[in-house]
Amino acid sequence: MLFTFINSLTLGMAVFLVAAGLTLIFGIMRILNFAHGAFFMLGAYLTSTLIGDMPGSIWVLIGASMLSGLVVGVLGLVVQHFVLSKLEDVDEHFMLIATYAVMLLCVGAIKMTWGLEFHSVDPPPGLDLGVVIFGTFVPSFSLFIIGAGVAVFLVLDHVIHCSWSGKLAVAIARDGWMSNLMGVNGPLGVRMVVGASFALAGLAGGLLLPNQTLSPALGDTFLLMAFITIVIGGLGNIRGAFIAAIILAVIDGLNILFLPGFPGVLIYVGMVTCLLLWPNGILGESRL
Amino acid sequence: MSSSLAERDSRRKPALTRPGINNTLIALATLTLLAMPFLTNSGLLYLVGTTLVLGVYSVGWNLLFSWAGLASFGSGGLFAIGAYVSAAAIRAGYDQFFLLIVLAGAGAGALVAMLVGLVALRRTTGIFFAILTLSLSELLRHTLMHTRSLGSEDGLSNITRPVLSLGVVEIDLTSGPTYYWFICVSAAVILGLCWWLTHGPFGRRLLAVRHDIERAGFIGIDVHRSRLAALVISGAVAGCAGAIYAPWAQIVTPELSGMVRSTQPILFTLLGGLQSFWGPMIGAFVFMVIEYATRTLVGIQEIITGAILLAVILAFRAGIAGSWNALIDRLTERRADK
């Protein structure tokens, strides 16, 4: 039972890693970014090219993930410059479909570069075994993902709520016009946050790479789960996303224990219930 | 615009007008579609028939989007419901009542849409409505994937095309071309109904709600009920299209409820033209041509589709239908000025 919940918590934190960037870009630009899953996948493919099938150590994995995060972040700036910034004043549905188009472009590029076949990457030495906690065998790679999720959450939360640049970003998100009047460079701030959001997608792709089967359909699975997470938690709300990821993990664990014939069904039921009880998410919608 | 055109028409009577040209085009397209079985091989005929069904389904989605202003990302679920109803009924041996089965598919789609609408529409709009519908259709897909009596992940296959019995006459739809003509006729009936609904008082009411929900309420329109009605109608069209699709494809799988199917009408509508009745149909056929032309190129298909979509959104937001109409207007105006 503990094993089940650790597994589900690993899934929850993995989803949070993807959802963090998604909620960030929603907070600053009010965009539901369909392309996020594709860029997450791009991060995974880039990392796999960098480290090969057998990563040398944990640090190689983390370093390669950060590097591909950086590359994806720069690509995000390109997308922001040529697509997103041109659509700020039109109906929100156009933005939704524009990100869908960017997703298609990204998936197409991945299929052309890396082909359709499945890849898999082993966890680095030190993470390929397991530890025994309270008499239960726990894969150490699960602990690594849970740790990574918590670390990313703490860093983001600190940056957004305690640092100067984070507060500026919040100001831009809440009232861009007013903060421009106060001498804040709004467009630059938006660019930084969008870049950070895409970079998070790339980083998440790299960190979650081991133990995944890497195929061009990887992005969709995570994207939908991440959507659900940020909707339950409250769009644009990083703390909400973290709590929602844990709730999803618990629901998924219950699903495996009590409804093993229908894997993945309870999550959708839980999400619909949450959305009807709290239409704006558990912690409410927030602008960062 | 249209009134000034009409005035000019009455004064100068130019030979060509926009409605005239467009009606001619629609008539030509209809004739071409009807003659398709004589013009192509069976593989292409299958593609055209599928596109026709998907086009009808997208017109139903667009009724919800362009008229009521609601973007549903879960219409694939309603399509799948119709398809599974039809598939299960035909496999159970009720295929001589196929017309009733199609109606049942439409009814099932409408019923589910109404249940969703009753709960969801009062509480959610915009992005929340999009995500809610998206996850409901995913829920359906996962349930279908794990329900053994509906074939689990393999779906229901070997669906025979029915022999219709209408009391006095029996119509054999088992061959490809006859079922294709059946699709044409039912598409015409559904599109006619949709046209009648959108171009009458009901359509006007929906447009008012989409433009300004508060003012629409002030002038006495029941906003909630109008939206619900639009959702139910679009659900009925999706279910009906699904029910017709099942014997045509002869197999139904849980993937019908997936994200790809749900986003198809969005892409078709956008490419073909928003706020245009025929837009989704045009978009469906243009997409068919693109996909057919790029079918062997791995990856390039997505890139081309994505690039076209981006170009439409960034440069031609009115889509093919809108740009075409603007072009014709300019040409006829110049002719009239001379």
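Keep in mind that what you see is a predicted model, and the values were worked out from it rather than measured.

### Points about the overall build of chain A
For step 1, the next point in the chain: Check the secondary structure of chain A and you find 11 helices and 4 strands.
For step 2, the next point in the chain: Computed over its C-alpha atoms, the radius of gyration of chain A comes to 19 Å, within 12% of the 19 Å expected for a compact globule of 288 residues.
For step 3, the next point in the chain: For chain A, the C-alpha atoms occupy an extent of roughly 60 × 45 × 35 Å along the three principal directions.
For step 4, the next point in the chain: Across the 288 residues that make up chain A, the buried fraction comes to 58%.
For step 5, the next point in the chain: A fraction of 79% describes how many contacts in chain A between residues 6 or more apart in sequence connect residues 24 or more apart.

### Describing helix α3 (residues 42–67) of chain B
Residue and element names in this part refer to chain B.
For step 1, the next point in the chain: The terminal C-alpha atoms of α3 lie 36 Å apart, and with 26 residues this matches the ideal 38 Å at 1.5 Å per residue to within 8%.
For step 2, the next point in the chain: Of all the bends in α3, the largest measures some 30 degrees and sits at W61.
For step 3, the next point in the chain: Counting buried positions over the 26 residues of α3 gives 21, a clear majority of the element.
For step 4, the next point in the chain: Following α3 by one or two positions, G69 adopts a phi angle in the positive range, close to 75 degrees.

### Comments concerning the nonpolar core
For step 1, the next point in the chain: In this structure, A:L32, A:F39, A:F227, B:I244 and B:V252 are the most contacted members of the largest nonpolar core, which totals 193 residues.
For step 2, the next point in the chain: For B:V252, the contacting residues outside a window of four places in its chain are B:A83, B:Y84, B:A87, B:D154, B:G155, B:L156, B:I159 and B:A246.

### Points about the packing of helix α2 (residues 36–51) of chain A against helix α3 (residues 58–82) of chain A
All names here are of chain A.
For step 1, the next point in the chain: Two elements in contact, α2 and α3, have axes whose closest approach is 9 Å; the angle formed by their N-to-C orientations is 135 degrees. With respect to α3, the axis of α2 lies oblique. Like other packed secondary-structure pairs, α2 and α3 cross with a definite hand, here right-handed. Residues F39, L42, G43, L46, T47, L50 and I51 of α2 pack against V60, L61, A64, S65, L67, S68, V71, V72, L75 and V79 of α3.
For step 2, the next point in the chain: For the contact of α2 with α3, the per-class residue count stands at 13 nonpolar, 4 polar and no charged.

### Some points on the packing of aromatic side chains
For step 1, the next point in the chain: Inspection of every chain in the model, using the stated rule, returns 24 aromatic pairs over all chains.
For step 2, the next point in the chain: Relative to A:F242, the ring of A:F16 has its centre 5.2 Å away and its plane inclined at 85 degrees; by these criteria the two rings are edge-to-face. Within this pair, whereas A:F16 is found in helix α1 (residues 2–29), its partner A:F242 is found in helix α10 (residues 238–258), the two being separated by 226 residues in sequence. Across this residue pair, the class does not change: A:F16 and A:F242 are buried.
For step 3, the next point in the chain: Joined through ring pairs, the aromatic side chains of B:Y46, B:F98, B:Y179, B:Y180, B:F182 and B:W248 make up one cluster.
For step 4, the next point in the chain: Across the ring face of B:Y245, the terminal group of B:R261 is positioned such that the distance to the ring centre comes to 5.7 Å.

### Some remarks on the packing of α2(A) against helix α9 (residues 218–233) of chain A
Residues and elements named next belong to chain A.
For step 1, the next point in the chain: Here α2 crosses α9 at 130 degrees, and the two axes come no closer than 8 Å. With respect to each other, α2 and α9 are oriented oblique. Handedness of the α2/α9 crossing: right-handed. Judged by residue contacts, H36, G37, F40 and M41 of α2 engage L218, G219, F222 and L223 from α9.
For step 2, the next point in the chain: Taken together, the residues that form the contact of α2 with α9 break down as 5 nonpolar, 3 polar and no charged.

### Digging into the pairing of strand β2 (residues 130–133) of chain A
For step 1, the next point in the chain: Pairing geometry for β2(A) and strand β3 (residues 136–139) of chain A, over 4 bridges, is antiparallel. Note that in β3(A) the partner of A:V131 across the bridge is A:V138.

### Some details on a nonpolar patch on the surface
Residue and element names in this part refer to chain A.
For step 1, the next point in the chain: Together, M1, I246, V250, L254, L257 and F258 make up a nonpolar patch on the protein surface, roughly 570 Å² of accessible area in all.
For step 2, the next point in the chain: On the secondary structure map, L257 appears in helix α10.
For step 3, the next point in the chain: Taking the relative accessible area as the measure of exposure, L257 reaches 32% and is therefore partly exposed.

### A few points about unusual backbone geometry
It is generally the case that most residues other than glycine have a negative phi and that most peptide bonds are trans.
For step 1, the next point in the chain: Phi at A:R30 takes a positive value of approximately 60 degrees, unusual for a residue other than glycine.
For step 2, the next point in the chain: Considering the arrangement of structural elements, one finds A:R30 in the loop between α1 and α2.
For step 3, the next point in the chain: Using a relative accessible area of 23% as the deciding quantity, one classes A:R30 as partly exposed.
For step 4, the next point in the chain: Unusually for a residue other than glycine, B:N158 sits at a positive phi of about 55 degrees.
For step 5, the next point in the chain: When its relative accessible area of 65% is taken as the criterion, B:N158 is described as exposed.

### Things to note about helix α2 (residues 18–39) of chain B
All names here are of chain B.
For step 1, the next point in the chain: For α2, built from 22 residues, the straight-helix expectation of 32 Å at 1.5 Å per residue is met to within 8% by its first-to-last C-alpha distance of 29 Å.
For step 2, the next point in the chain: Remark: the principal bend of α2, roughly 35 degrees, maps to L33, with a proline, P37, within the next four residues.
For step 3, the next point in the chain: Taken as a whole, α2 has its buried residues at I21, N22, L33, M36 and P37.

### Describing the confidence of the model for chain A
For step 1, the next point in the chain: Across chain A, the average pLDDT comes to 83, with 98% of residues at or above 70.
For step 2, the next point in the chain: Averaged pLDDT values over the elements of chain A bottom out at 71 in β2(A) and peak at 88 in helix α5 (residues 140–162) of chain A.

### Focus: the interface of chain B and chain A
For step 1, the next point in the chain: Facing the 39 residues of chain B at the interface are 45 residues of chain A.
For step 2, the next point in the chain: Carbon and sulfur atoms make up 84% of the surface buried where chain B meets chain A, a total of about 3900 Å² over both sides.
For step 3, the next point in the chain: Taken together, chain B and chain A are joined by 1 salt bridge.
For step 4, the next point in the chain: A:K111 is the salt-bridge partner of B:E302, the closest N and O atoms lying 2.5 Å from each other.
For step 5, the next point in the chain: The tally of links from chain B across to chain A stands at 2 residue pairs in polar contact (both at pLDDT 80 or more).
For step 6, the next point in the chain: Going through the elements one at a time, α6 (126–145), α11 (259–272) and α13 (300–314) of chain B are the ones with two or more residues in the side of chain B that touches chain A.
For step 7, the next point in the chain: Residues that form the side of chain B that touches chain A fall into these classes: 24 nonpolar, 11 polar and 4 charged.

### What to know about the pattern of salt bridges
Oppositely charged side chains are able to pair whenever their charged atoms sit close together.
All names here are of chain B.
For step 1, the next point in the chain: Under the counting rule described, the total for this entry stands at 6 salt bridges over all chains.
For step 2, the next point in the chain: Ionic pairing is found between R141 and E138, a salt bridge with its closest N-O pair at 3.0 Å. Here R141 pairs with E138, and both are found in helix α6, just 3 residues apart, close to one helical turn. Across the pair, E138 and R141 agree in class, each one buried.
For step 3, the next point in the chain: The closest approach of N and O atoms between R225 and D222, which form a salt bridge, is 3.9 Å.
For step 4, the next point in the chain: On the basis of relative accessibility, which here comes to 41%, the residue D222 falls in the partly exposed class.

### Examining the pairing of β3(A)
For step 1, the next point in the chain: By the alternation rule, side chains of β3(A) split into A:T136 and A:V138, which are all buried, and A:F137 and A:P139, of which none is buried.
For step 2, the next point in the chain: The turn linking β2(A) back onto β3(A) is made up of 2 residues, and A:F134 within it adopts a positive phi angle of 50 degrees.

### What about the environment of A:L87?
For step 1, the next point in the chain: Residue placement: A:L87 occurs in the loop between α3 and α4 (92–114).
For step 2, the next point in the chain: With relative accessibility at 2%, the residue A:L87 sits in the buried group.
For step 3, the next point in the chain: Distance from A:L87 to A:A98, taken between C-alpha atoms, is 8.7 Å for residues 11 residues apart in sequence.
For step 4, the next point in the chain: Residues contacting A:L87, with those up to four places away along its chain left out, are A:F94, A:M95, A:A98, B:I313, B:L314 and B:R317.

What counts and how
Throughout, a residue's number is its position along its own chain's written sequence, starting from 1. Key to labels: chains lettered from A, ligands numbered from 1, both in the order written. Where local features are concerned, this predicted model is filtered to residues with pLDDT of at least 70; where side-chain atom pairs are given and counted, the filter is 80 or more; whole-chain, interface and lining totals use all residues. With hydrogens and water excluded, all non-hydrogen atoms of the structure serve as input to the side-chain values. Helix and strand assignments come from DSSP, with helices taken as H or I runs of at least 4 residues and strands as E runs of at least 2, each series counted from the N terminus. Just to be clear, the radius of gyration here is over C-alpha atoms, and the globule rule we use is 2.2 Å times residues to the power 0.38. The classification of residues rests on relative accessible area computed with a 1.4 Å probe and restricted to protein chains. Under 20% of the type maximum is buried, over 50% is exposed, and intermediate values are partly exposed. Here, residues are in contact when the closest pair of their heavy atoms is within 4.5 Å. The span expected for a helix works out to 1.5 Å for each residue beyond the first. Given a residue, its bend is the angle between the two axes fitted to the seven residues that end at it and to the seven that start from it. Among the buried residues, those of types Ala, Val, Leu, Ile, Met, Phe, Trp, Tyr and Cys that are joined through side-chain atoms within 4.5 Å form a nonpolar core. Lines fitted to C-alpha atoms define the axes, with helix axes restricted to the stretch in contact, and inter-axis angles between N-to-C directions lie between 0 and 180 degrees. Roughly parallel means an angle under 35 degrees; roughly antiparallel, over 145; roughly perpendicular, 65 to 115; everything else is oblique. Here a crossing is taken to be left-handed if its near helix is turned anticlockwise relative to the far helix by less than a right angle, and right-handed if that turn runs clockwise. Polarity classes work like this: nonpolar for Ala, Val, Leu, Ile, Met, Phe, Trp, Tyr, Cys and Pro, charged for Asp, Glu, Lys and Arg, and polar for all others, with Gly in that last group. What counts as a ring pair is set by centres within 6.5 Å for rings of Phe, Tyr and Trp (its six-membered ring), and what kind of pair is set by the plane angle: stacked under 30 degrees, edge-to-face over 60, tilted for all other angles. Working rule: Lys NZ or Arg CZ, within 6 Å of ring centre, within 35 degrees of ring normal, means a charge sits over the ring. Here the rule is simple: two strands pair whenever DSSP picks up at least two bridges between them. A patch is a set of surface residues, each over 30% in relative accessible area and not in a salt bridge, joined within 9 Å for like charges and within 5 Å for the nonpolar side chains Val, Leu, Ile, Met, Phe, Trp and Tyr. Using a 1.4 Å probe, the Shrake-Rupley method yields the accessible areas, and only the shown protein chains count as cover for residues. Salt bridge criterion: a side-chain nitrogen from Lys or Arg within 4 Å of a carboxyl oxygen from Asp or Glu. As a per-residue measure, pLDDT reflects the predictor's confidence and takes values from 0 up to 100. The term buried area means the drop in 1.4 Å probe accessible area that two parts suffer when joined, counted for both and summed. What qualifies as a polar contact is a pair of N or O atoms within 3.5 Å, subject to a donor-acceptor requirement within protein and to the restriction that residues adjacent in sequence count only when both atoms come from side chains.

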